[in-house]
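The primary structure of each chain is shown beneath.
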Amino acid sequence: QRAAQVAEYVSPGVYVPARDRNALVRGIESQTRWLEQAGSGRLSLAVHWRWLTVDLPAFTSELLGAGLPITLALADPNDPLGHAGAVKGLVKVLNEVPDVALFRADVGALGAIAHGATAGAVGTGTSVRHVVPPDRPAGGGRTGSPSVFCPELLDWRLASVLAAFPRRSVPICHLTCCQGQSLARFIGPGGTEEARRHNLHAVHDVARQILELDRTAQPVAFRNACRQALSALDRLELAVSTPQTPRPQLKAWASI
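Since the structure is predicted, the reported quantities are computational estimates derived from the model, not experimental observations.

**Q** In this structure, what is going on with the packing of helix H1 (residues 21–38) against helix H2 (residues 56–66)? I would like to understand it.
**A** If you want to describe how two helices pack, look at the angle between their axes and the distance between the axes. Two elements in contact, H1 and H2, have axes separated by 11 Å at closest approach and are oriented at 20 degrees. Looking at the two axes, H1 sits roughly parallel to H2. By crossing handedness, the relation of H1 to H2 is classed as right-handed. Facing Arg21, Leu24, Val25 and Ile28 of H1, the residues of H2 in contact are Ala58, Phe59, Ser61, Glu62, Leu63 and Ala66. When its residues are assigned to classes, the contact of H1 with H2 shows seven nonpolar, one polar and two charged.

Here it is, written out as structure tokens:
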């Protein structure tokens, strides 16, 4: 980090399993020592999603006691924020603990910023949009098909899935990365890199629409964007005649 001349050091991080407050305390202590040696920076923790629900009071208390800027990454084999109460718990943490950033996330990072997070990071691929607990296998499996961000859905779809939709139903991207082309085109050689280029531009554009607003307007704007995404999902389901189940995380953000 020093060689890269970062603006702020981030500690290496440690994983904290569910319901183990002693592990949480030890993790905070070890990362604090690293930051003391570095001179300053942000304390990094990868935590099981249950810290946002059943263990929330203890979690909030220990983060406040650390007295340092915090970086969180959330852990689950699939979607950490997809569990009941996880989004509400995250928002409560952001309301009570100053200077928290959310890394290794999906569009939940944007929701976090809208609700007071200092910063957020959206992973460029499925494997870096959450942390997998070390004692659990990752959910899903590798398909060889790139994951494509669909702005109107605020979600990703495999290129192979998009290519199987009726042509008239496939989303089109009008940003500079695609210039009006179909999002079903990322099949074959070079598709993965081209999809990542699209994802970068598309996520940035969605973020810009929220973050250019006044901070007080961002929570409502993000909630409305999630509600519009749910409506777009309903329309897509009618168009492709295939069930399109909304992600629990999206429904949770739409209700806040």
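Following the structure, the description resumes.
**Q** I would appreciate a short explanation of the pattern of salt bridges in the present structure.
**A** The final tally for this structure, using the stated rule, is twelve salt bridges. The salt bridge involving Asp155 is made with Arg157; its shortest N-O contact spans 3.3 Å. Here Asp155 falls in the buried class, since its relative accessible area comes to 10%. Residue class for Arg157 comes out buried when judged on its relative accessible area of 12%. Across the pair Glu194 and Arg185 runs a salt bridge, and its minimum N-O distance is 3.0 Å. On the accessibility criterion, Glu194 (27% relative accessible area) is partly exposed.

**Q** Help me understand the pairing of strand S6 (residues 147–150) in this model?
**A** Looking along a regular strand, one sees side chains alternate from face to face of the sheet. Neither face of S6 is left uncovered, since the one carrying Ser147 and Phe149 and the one carrying Val148 and Cys150 both have all their residues buried. Direction of pairing for S6 relative to strand S7 (residues 155–158): antiparallel, over a ladder of four bridges. Bridge assignment links Ser147 to a residue of S7, and that residue is Leu158. Adjacent in sequence and paired antiparallel, S6 and S7 are bridged by four residues, among which Leu154 carries a positive phi angle near 50 degrees.

**Q** Can you walk me through the packing of aromatic side chains in this structure?
**A** Any two aromatic rings considered together are summarised by their centre-to-centre distance and by the angle between their planes. All chains considered together, the criterion is met by three aromatic pairs. Aromatic side chains Trp51 and Phe59 sit 5.8 Å apart centroid to centroid with 40 degrees between the ring planes, which places their arrangement in the tilted category. Judged by its relative accessible area of 0%, Phe59 is buried. When the ring of Phe222 is compared with that of Trp253, the centres are 5.4 Å apart and the planes differ by 85 degrees; the resulting orientation is edge-to-face. In this pair, Phe222 sits in helix H7 (residues 218–240) while Trp253 sits in helix H8 (residues 248–254), placing the two residues 31 residues apart along the sequence.

Thresholds, definitions, all that
- Residues numbered from 1 in each chain as written.
- Predicted model: local features only at pLDDT ≥ 70, side-chain atom pairs only at ≥ 80, totals over all residues.
- Heavy atoms only, no water.
- Axes fitted to C-alpha atoms, helices over the stretch in contact; angles between N-to-C directions.
- Helix = DSSP H or I, 4+ residues; strand = E, 2+ residues; numbered from the N terminus.
- Parallel < 35°, antiparallel > 145°, perpendicular 65-115°, else oblique.
- Left-handed = near helix turned anticlockwise from the far one by under 90°.
- Contact = heavy atoms within 4.5 Å.
- Nonpolar A, V, L, I, M, F, W, Y, C, P; charged D, E, K, R; others polar.
- Salt bridge = Lys/Arg side-chain N within 4 Å of Asp/Glu carboxyl O.
- Buried < 20%, exposed > 50% of the residue type's maximum accessible area, 1.4 Å probe, protein only.
- Pairing = 2+ DSSP bridges.
- Phe/Tyr/Trp six-rings, centres within 6.5 Å; stacked < 30°, edge-to-face > 60°.

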